[in-house]
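Coordinates in review
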Amino acid sequence: MTAKFYTPSAPIWCPGCGDFGVLASLKKALSELRIGSKDTVVVGGIGCSGSIHNNLECYGFHSLHGRLLPTAIGIKLANPRLTVIAAGGDGDGYAIGSGHFIHALKRNPSIVYIVMQNGTYGLTKGQPSPTAIPGYEGNVEIPFDAVLTALSIQGSSFVARGFSANQTQLTDLMKKAIMHSNSNKGFAFLEVLSPCVTYNDTYKLWREQVYDLNAERGYDPHNRASAFKRAYELVLQEKIPTGLIFEGEADSLEKNTLTSPVPIAFQDISIEANLPRYQEILNDFH
Ligand SMILES: Cc1ncc(C[n+]2csc(CCOP(=O)(O)OP(=O)(O)O)c2C)c(N)n1
Ligand code: SF4
Ligand SMILES: [Mg+2]
């Protein structure tokens, strides 16, 4: 594969798209944490949101639709020293990519996963996504709630939700998510309510519905059972819980699987250095 150096381009999003807010707080979080461009990889999904990495000065990878998580996990396992951020849409992550989402929560790789949730397939012009509300483009189904799902998976270690229109809270959540994964504590899942002004303008509705759980007296983000109970109560009241909803401890995928102290990316894989081992493998086939 060839490497290409380039200057970040201007976003292609419609004026007012929530994804601008996601990009702004991601840039702010990375710069406030002083994480260098050369140490960062952003893996984009397919969708309007999935072009976010084109606007950042760091390594970027445009994955296949719904396949950004296995791509990002592979990068992390090859070089755990990198800050690895997967970022895509709700269609990408909760429809075609839903199996990868569930298993990433279970395996707990130390990467950040940002989902720009807009209740629609923006890029393909406004079909209902799994998070679409009843009545949107003929949808009759109860929306998929990724936060409740993430809380219900026992291996999950970080679950948060922000709103692109609340930059202070979102930047704080991004920093917390990056610090969680960069401390090798596992998978930091951050859903961001990021309205699609062209096909599903939910700014007004979401401003009324968002509810900051961290502002609630006595809320304990370290207790999975009470976090689930409270988040579910709020959903039944047609509120959308935001903030750091849960942070717990579970062994990370790297801890459970990597055996060599030298990351794969730094190992000498030249034929000369490995000839005896290659010979041994070949002999096994004789
Ligand atoms: C395998 C495959 N199936 C379908 C598509 C068509 N497609 C492109 S983007 C997209 C959905 C995008 O929705 P979402 O992930 O929510 O991103 P948004 O545009 O809303 O940010 C679909 C179905 C595709 N590119 N590849
Ligand atoms: S179509 Fe929607 S999601 Fe896509 S750039 Fe425009 S406002 Fe954003
Ligand atoms: Mg979408």
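Keep in mind that this is a model prediction, so the values were computed, not measured. (Residues numbered from 1 in each chain as written. Chains lettered and ligands numbered in written order. Predicted model: local features only at pLDDT ≥ 70, side-chain atom pairs only at ≥ 80, totals over all residues. Heavy atoms only, no water.)

**A short note on the overall build of the protein**
Inclusion rule: Runs of E in the DSSP output that reach at least two residues are strands. Runs of H or I that reach at least four are helices, and both are numbered from the N terminus. Taken over C-alpha atoms, the radius of gyration is set against a globule rule of 2.2 Å times the number of residues to the power 0.38. Any residue under 20% of the maximum accessible area for its type is buried, any over 50% is exposed, and the rest in between are partly exposed; the area is computed with a 1.4 Å probe on protein chains only. In what follows, residue pairs with any heavy atoms lying within 4.5 Å of each other are defined as contacts. Computed by Shrake-Rupley with a 1.4 Å probe, the accessible areas treat only the displayed protein chains as cover when residues are assessed. This count recognises Lys and Arg as positive and Asp and Glu as negative, with His and chain-terminal groups excluded. Where a charge lies is defined by one atom per residue type, namely NZ (Lys), CZ (Arg), CG (Asp) and CD (Glu).
The helix and strand tally for the protein stands at ten helices and ten strands. Relative to the compact-globule value of 19 Å for 286 residues, the protein shows a C-alpha radius of gyration of 20 Å, a close match. The dimensions of the protein, computed from C-alpha atoms along their principal axes, are 65 × 40 × 40 Å. The buried share among the 286 residues of the protein stands at 47%. The contacts of the protein with a sequence gap of at least 6 include a subset with a gap of at least 24, amounting to 72%. Per element, the accessible surface of the protein, about 14,500 Å² overall, is 57% carbon and sulfur. When the 24 positive and 26 negative side-chain charges of the protein are each reduced to one mean point, those points stand 4 Å apart.

**As for the nonpolar core**
To keep things clear, this is the line we draw: We define the nonpolar core as a collection of buried residues of types Ala, Val, Leu, Ile, Met, Phe, Trp, Tyr and Cys that are connected through side-chain atoms lying within 4.5 Å of one another.
Among the nonpolar cores identified, the biggest contains 33 residues, and Leu69, Phe101, Tyr113, Leu151, Phe187 and Phe189 are the most heavily contacted of them. Going through the elements one at a time, β1 (40-44), α2 (68-78), β3 (83-89), α4 (98-107), β4 (112-117), α5 (146-152), α8 (224-236) and β10 (240-247) are the ones with two or more residues in this core. It is α5 that contributes the most residues to this core, five residues altogether. For Phe101, the residues in contact, after removing those within four places along its chain, are Leu69, Gly93, Tyr94, Tyr113, Phe144, Ala146 and Phe189. Within the second largest apolar cluster, 28 residues are counted, among which are Leu26, Ile85, Leu170 and Val192.

**Quick word on the packing of α2 against α4**
Packed helices, taken two at a time, are described by the angle their axes make and the gap between the axes. What counts is decided by this rule: Axis lines are fitted through C-alpha atoms, for helices just across the contact stretch, and the angle between N-to-C directions can take any value from 0 to 180 degrees. In the scheme used here, Gly and all other residues not listed as nonpolar or charged are polar, with Ala, Val, Leu, Ile, Met, Phe, Trp, Tyr, Cys and Pro taken as nonpolar and Asp, Glu, Lys and Arg as charged.
Two elements in contact, α2 and α4, have axes separated by 8 Å at closest approach and are oriented at 40 degrees. Between α2, through Leu69, Pro70 and Ile73, and α4, the contact on the second element is made entirely by His100, Phe101 and Ala104. The residue makeup of the contact of α2 with α4, split by class, is five nonpolar, one polar and no charged.

**Notes on the site of ligand 2**
Selection criterion: Working definition: residue near molecule or strand if any one of its non-hydrogen atoms lies within 4 Å of it.
In the vicinity of ligand 2, the residues found are Trp13, Cys14, Cys17, Cys48, Asn118, Gly122, Cys196, Val197, Thr198 and Tyr199. Residue classes in the shell around ligand 2 are distributed as seven nonpolar, three polar and no charged.

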